[in-house]
Amino acid sequence: MRVVGVDPGVHGLGVGVLEQTRHGLIAVATYLPNRGPRSGPAMWAGQAAALAGLLPADLLVIESMQVDGRSRRAQVHALLELQGLVGRLSSLVPVERVECPTPSTWAGSVPKGVRNNRLRERYGDSFVVRPGRYASGGGRSDDSVDGLGLAEWGLRRLQNLD
């Protein structure tokens, strides 16, 4: 069973992969930077192509966006752009099943730092494929760990359905 979790962003994708094999659970997390346009269909297609290299999967989990009353206009525009990316990724990437939970659905109310530390404790820092990307600034470390958290959420859902 293989689950791919995606934390989408205008600058790139935080991606986590969990695969249950006969030898145990394999965990991988990475950051796929956006090398093309920063908006619109060309961005969506480029990021979908980068993601396709990590498939096939039994489940693709892509974080959906949340907008609250405190969001500024620029944030809302960026969130709408990312929501377009979520829709495009889910239609371009060949998987049987796609789920798009909001952050509060998959992460609950646990603070991000606590959640990330728990994931690192469970899987260790060895799950990171591209240490240079993982360690760089701009939240990329959190993006890849969020991708892994999304994959873990999806794996639990699939296991509960069996």
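Residues numbered from 1 in each chain as written. Predicted model: local features only at pLDDT ≥ 70, side-chain atom pairs only at ≥ 80, totals over all residues. Heavy atoms only, no water.

## Observations regarding the side chain of Asp 7
Convention followed: Put simply, DSSP H or I for four residues or longer makes a helix, DSSP E for two residues or longer makes a strand, and each gets a number counted from the N terminus. The cut-offs for exposure are 20% and 50% of the maximum accessible area for each residue type, with area from a 1.4 Å probe on protein chains only; residues under the lower value are buried, those over the upper are exposed, and the others partly exposed. Counted as positive: Lys and Arg. Counted as negative: Asp and Glu, with His and the chain ends omitted from the count. Each reported salt bridge corresponds to a side-chain nitrogen of Lys or Arg within 4 Å of a carboxyl oxygen of Asp or Glu.
Among the structural elements, Asp 7 can be located in strand S1 (residues 2–8). There is no salt bridge for the buried Asp 7, and the closest opposite charge comes from Lys 112, which lies 5.3 Å off by N-O distance.

## Here's the deal with the pairing of strand S3 (residues 24–33)
Filter applied, for reference: What makes two strands pair is DSSP finding at least two bridges between them.
Bridge count for strand S2 (residues 12–21) against S3 is 10 bridges, and the pairing is antiparallel. If you follow Glu 19 over to S3, its bridge partner there is Ile 26. Between S2 and the antiparallel strand that follows it, S3, lie 2 residues.

## Remarks on the confidence of the model for the protein chain
In plain terms, the rule: Along the chain, pLDDT gives the predictor's confidence residue by residue, from 0 to 100. In this description, contact between two residues means that some pair of their heavy atoms is separated by no more than 4.5 Å.
When pLDDT is averaged along the protein chain, the result is 77, and 75% of the positions lie at 70 or above. Confidence drops under a pLDDT of 50 for residues 129–139, and excluding neighbours within four residues, the segment shows 20 contacts in the predicted structure.

## Brief notes about the sheet that holds S3
How we decide: To get an axis, a line is fitted to the C-alpha atoms, and for a helix only the part in contact is used. The angle between two axes follows their N-to-C directions and goes from 0 to 180 degrees.
The strand order across the open sheet formed by 5 strands is S3-S2-S1-S4-S5, and the pairing between neighbours is mixed. Each having just a single partner strand, S3 and strand S5 (98–99) make up the two edges of the open sheet. The sheet contact formed by S1 and S2 spans 7 bridges and is antiparallel. Considered in S2, the bridge of Asp 7 is made with Gly 14. Packing of helix H1 (residues 40–52) onto the sheet brings it into contact with S1, S2, S3 and strand S4 (59–62), and relative to S2 it is tilted by some 25°.

## Some details on H1
Basically, it comes down to this: Multiplying one less than the number of residues by 1.5 Å gives the expected span of a helix. By construction, the arc corresponds to the directions joining the helix axis to the C-beta atoms.
Between its first and last C-alpha, H1 extends 19 Å over 13 residues, near the 18 Å set by a 1.5 Å rise per residue. Taken residue by residue, H1 has Gly 40, Met 43, Trp 44, Gln 47, Ala 48 and Leu 51 as its buried positions. For H1, the angular spread of buried residues about the axis comes to 130°, placing them on one side. Summarising the geometry of H1, the exposed residues directed more than 90 degrees from the buried face are Pro 41 and Ala 49.

## Focus: the nonpolar core
General note: in soluble globular proteins, nonpolar side chains tend to be found buried as a group. Rules: Residues grouped as a nonpolar core are buried Ala, Val, Leu, Ile, Met, Phe, Trp, Tyr and Cys residues, joined through side-chain atoms within 4.5 Å.
With 19 residues, the main nonpolar core has Val 4, Val 6, Leu 13, Val 15, Leu 51, Leu 60 and Leu 89 as its most contacted residues. Of all the elements in the fold, those that place two or more residues in this core are S1, S2, H1, S4 and helix H2 (73–92). When residues in this core are grouped by element, the largest group, 4 residues, is from H1. Setting aside chain neighbours within four positions, we find Leu 13 in contact with Val 6, Asp 7, Pro 8, Thr 30, Tyr 31, Leu 32, Gln 47, Leu 51, Leu 85 and Leu 89.

## Some details on helix H4 (residues 112–123)
With 12 residues, H4 ought to run about 16 Å at 1.5 Å a step, and its terminal C-alpha atoms sit 16 Å apart, in line with that. Here H4 has its buried residues at Arg 115, Asn 116, Leu 119 and Tyr 123. All buried residues of H4 project into a common sector of 95° when viewed along the axis, lining one side. Downstream of H4 by a residue or two, Gly 124 has a phi angle that is positive, lying close to 70°.

## Considerations on the side chain of Glu 63
For clarity, the cut-off: Throughout this description, a polar contact denotes any pair of N or O atoms lying within 3.5 Å of each other; where both atoms belong to protein, one of them has to be capable of donating a hydrogen while the other can accept it, and for residues adjacent in sequence the pair is counted only when both atoms sit in side chains.
Secondary-structure assignment places Glu 63 in the loop between S4 and H2. Arg 115 provides the closest opposite charge to the buried, unpaired Glu 63, separated from it by 6.4 Å. Within the structure, the side chain of Glu 63 is placed 2.8 Å from the side chain of Trp 106, a separation counted as a polar contact. Those residues in contact with Glu 63, other than ones at most four positions away along the chain, are Val 6, Asp 7, Pro 8, Val 86, Pro 101, Pro 103, Trp 106 and Leu 150.

## Description of the pattern of salt bridges
Scanning the model with the defined rule gives 7 salt bridges in all. The salt bridge partner of Glu 19 is Arg 2, with a shortest N-O separation of 3.4 Å. In this pair, Glu 19 sits in strand S2 while Arg 2 sits in strand S1, placing the two residues 17 residues apart along the sequence. Exposure remark for Arg 2: the relative accessible area of 22% places this residue in the partly exposed category. Here Arg 156 and Glu 152 are joined by a salt bridge, their closest N and O atoms 3.4 Å apart. Residue Arg 156 and its partner Glu 152 are located together in helix H6 (residues 140–161), separated by 4 residues, close to a single helical turn. Classification of Arg 156 by relative accessible area gives partly exposed; the value is 40%. On the basis of relative accessibility, which here comes to 10%, the residue Glu 152 falls in the buried class. Here the residues in one salt-bridge network are Arg 97, Glu 99 and Arg 157, joined through shared partners.

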